[in-house]
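# Structural characterization, general
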Amino acid sequence: MTELKHPDADRLALCAREIAEAGRELGARGWTPATSSNFSRRYDADHAAVTISGRDKGRLGIDDVMLVDLAGNAVGTTTRPSAETLLHVQIYRRDPSAGAVLHTHSHNQTVASRLYADQGLIRFSGFELQKAISGYTTHESELDLPVFPNTQDMPELVARVDAWLDAGKPLFGYLIDGHGIYTWGRDMAEAKRHLEAFEFLLAVELDLRRLRA
């Protein structure tokens, strides 16, 4: 990892504007209640721009985003990044193609995380919208969305995600019990597409569960 002594202000501002735009869009959908959720954008191979802790994600400006290295350390500021920054930088370390990570707390995401926590995952099969997830070309497939136990110990959560990936299991997003979803993409547009697809699939799954009750 290279040390970044002089961040490019224009590049950081571009990342921040993308993050702020995503925050306004997702906030308007009600997916970022209170000051929950956090977003990031890859800055370069060794750094990411991430939301500052405690900011209203639906009202972000460029001053609400800061730079961290891929160990989660602040770069060029004493401001504190979002508490779950380690989960963001983990994705950038594990997947060099990842360009943006989105974490939200929608109603559907939170309810589904509680209902399926004991099973450890939600398996989608037969839904046309599975094809919105990169790499999926048919509804005749299975798409697993794991549900990890919640904890305030971020290294423990990082270890659980690492264990899933180290086992060779595909991973395009995950839920945290009683919490929300993490998903990502090669750029912000793809990350938002994945988030919208998972949100839709979770809503359908919850409706089906109610109808079958």
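Residues numbered from 1 in each chain as written. Predicted model: local features only at pLDDT ≥ 70, side-chain atom pairs only at ≥ 80, totals over all residues. Heavy atoms only, no water.

### Some points on the overall build of the chain
Basically, it comes down to this: Numbering of helices and strands runs from the N terminus, with a helix taken as a DSSP run of H or I at least four residues long and a strand as a DSSP run of E at least two residues long. Here the radius of gyration uses the C-alpha set of atoms, whereas the globule reference equals 2.2 Å times the residue count to the power 0.38.
Helix and strand counts for the chain stand at 5 helices and 9 strands. Listing each helix as α and each strand as β along the chain from the N terminus yields α-β-β-β-β-α-β-α-β-β-α-β-β-α. Compactness check: the chain gives a C-alpha radius of gyration of 17 Å against a globular reference of 17 Å for 213 residues, within 12% of the reference. When the backbone C-alpha atoms are referred to their principal axes, the chain occupies close to 55 × 35 × 35 Å.

### A closer look at unusual backbone geometry
For Ala34, which is not a glycine, the phi torsion comes out positive at approximately 55°. When you line up the elements, Ala34 lands in the loop between α1 (9-28) and β1 (38-44). Positive phi values are uncommon outside glycine, yet Ser37 reaches one of about 80°. Its place among the elements puts Ser37 in the loop between α1 and β1.

### Some points on the environment of Asp44
For the record, the criterion: Relative accessibility thresholds used throughout: buried, under 20% of the residue-type maximum; exposed, over 50%; partly exposed, between the two (1.4 Å probe, protein chains only). The contact definition used throughout considers only heavy atoms, calling two residues in contact when any of these lie within 4.5 Å. Polar contacts here mean pairs of N or O atoms no more than 3.5 Å apart (in protein, one a potential hydrogen donor and the other a potential acceptor; neighbouring residues in sequence count only if both atoms are side-chain atoms).
By the element assignment, Asp44 lies in strand β1. When its relative accessible area of 21% is taken as the criterion, Asp44 is described as partly exposed. Distance in space between the C-alpha atoms of Asp44 and Arg11 is 9.5 Å, their sequence separation being 33 residues. In contact with Asp44, other than residues within four places in its own chain, are Leu4 and Arg11. Looking at Asp44, its side chain comes within polar contact range of the main-chain nitrogen of Asp46, at 2.9 Å. Of note is the side chain of Asp44, whose polar atom sits 2.9 Å from the backbone nitrogen of His47.

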